[in-house]
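Spelled out, the chains give:
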Amino acid sequence: MKNGKKKIKTTLLVIVLILAVVAAIMSATNPTSNDHLKVVAEYLDKYDMSQLDLTEEEMAQYTAYMSSGGNANIIDKVVKPSFEIKDYGLWSVGSFKDKEVTLGLFNKVIMLDSETIGKDLLDRESIPAAAPSDTTKEAKQEAPEQ
């Protein structure tokens, strides 16, 4: 009976040690926020907006934005301000617009929600109408000055 208890204790000790080593490795190899942003940037460079169900106006807005040099600045101006990294010590999760889009684990970052990030970026960067409507202009002219 003593020999059986000793084997169980030894087995449990080995399991705990293995888990401690794995946890230490996971903690040491947890990707940084820059690693998450790099993966998102690489994904966006390769993203094909024709996959989305866009209206002609939305596609024109996107094309105009990208051709005006938006591709180079999209990470700095759009993604970084809205991108959050939650570090859980052993792994990290990147969120964009309150949606988890990346998972960092063992010094690797993978995309979780690659389906909607292109559409989310387009929604954020939609260009408002260039000129206000005629009714808005008339309402401003008719309003009395104070």
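Residues numbered from 1 in each chain as written. Predicted model: local features only at pLDDT ≥ 70, side-chain atom pairs only at ≥ 80, totals over all residues. Heavy atoms only, no water.

**A closer look at the side chain of Ser92**
1) Next: Mapped onto the secondary structure, Ser92 falls in strand β2 (residues 92–96).
2) Next: Of note is the side chain of Ser92, whose polar atom sits 3.0 Å from the side chain of Asn30.
3) Next: Excluding residues that lie within four positions of it along the chain, Ser92 makes contacts with Asn30, Pro31, His36, Ile85, Lys86, Asp87, Thr102, Leu103 and Gly104. (Helix = DSSP H or I, 4+ residues; strand = E, 2+ residues; numbered from the N terminus. Polar contact = N/O pair within 3.5 Å; in protein donor to acceptor, adjacent residues only side chain to side chain. Contact = heavy atoms within 4.5 Å.)

**A short note on the confidence of the model for the protein**
1) Next: For the protein, mean pLDDT is 76; residues scoring 70 or higher make up 66% of the total.
2) Next: The spread of mean pLDDT over the elements of the protein runs between helix α5 (residues 134–142), the lowest at 42, and helix α1 (residues 2–28), the highest at 95.
3) Next: This stretch, residues 126–146, has a pLDDT under 50; its non-local contacts, to residues over four places away or in other chains, come to three contacts. (pLDDT = per-residue confidence, 0-100.)

**Some thoughts on the nonpolar core**
1) Next: By size, the foremost hydrophobic cluster in this structure holds eleven residues: Leu37, Val40, Ala41, Leu44, Ile75, Val78, Val79, Phe83, Phe96, Val101 and Ile117.
2) Next: Contributing elements (two or more residues each) for this core: α2 (33–46) and α3 (56–82).
3) Next: Per element, the largest residue contribution to this core is four residues, and it comes from α2. (Core = buried A, V, L, I, M, F, W, Y, C linked by side-chain atoms within 4.5 Å. Buried < 20%, exposed > 50% of the residue type's maximum accessible area, 1.4 Å probe, protein only.)

**What to know about α2**
1) Next: Here α2 spans 20 Å end to end across 14 residues, near enough to the 20 Å set by a 1.5 Å rise per residue.
2) Next: Turning to α2, its buried residues are His36, Leu37, Val39, Val40, Ala41 and Leu44. (Expected span 1.5 Å × (residues − 1).)

**Re the side chain of His36**
1) Next: Note that His36 resides in helix α2.
2) Next: A polar contact of 2.8 Å, which involves the side chain of His36, links it to the side chain of Ser92.
3) Next: Once you skip the residues sitting within four places of it in the chain, His36 turns out to touch Pro31, Phe83, Ile85, Ser92, Val93, Gly94, Thr102, Leu103, Gly104 and Val109.

**So, the sheet that holds strand β3 (residues 99–105)**
1) Next: A sheet is described by the order of its strands in space; here four strands give the open sequence β1-β2-β3-β4, paired in antiparallel fashion. Each edge of the sheet is formed by a strand with only one pairing partner; in this case those strands are β1 (83–87) and β4 (108–111). Recorded for the sheet is a direction-independent mean angle of 25° between the axes of neighbouring strands.
2) Next: Sheet topology note: the β2/β3 ladder contains five bridges and is antiparallel. Following the sheet pairing, Gly94 is matched in β3 by Thr102.
3) Next: Its contacts with the sheet place α2 against β1, β2, β3 and β4, and it is angled at close to 40° to β4. (Pairing = 2+ DSSP bridges. Axes fitted to C-alpha atoms, helices over the stretch in contact; angles between N-to-C directions.)

**A closer look at a nonpolar patch on the surface**
1) Next: Side chains of Val14, Ile18, Val21, Val22, Ile25, Tyr88, Trp91, Leu105 and Phe106 sit close together on the surface and give an oily, nonpolar patch of about 770 Å² of accessible area.
2) Next: Among the elements that take part in the nonpolar patch, α1 stands out by supplying five residues, more than any other.
3) Next: Position of Leu105 among the secondary structure elements: in strand β3. (Patch = residues over 30% accessible without salt bridge, like charges linked within 9 Å, V, L, I, M, F, W, Y side chains within 5 Å. Areas by Shrake-Rupley, 256 points an atom, 1.4 Å probe, with all protein chains shown as cover. Salt bridge = Lys/Arg side-chain N within 4 Å of Asp/Glu carboxyl O.)

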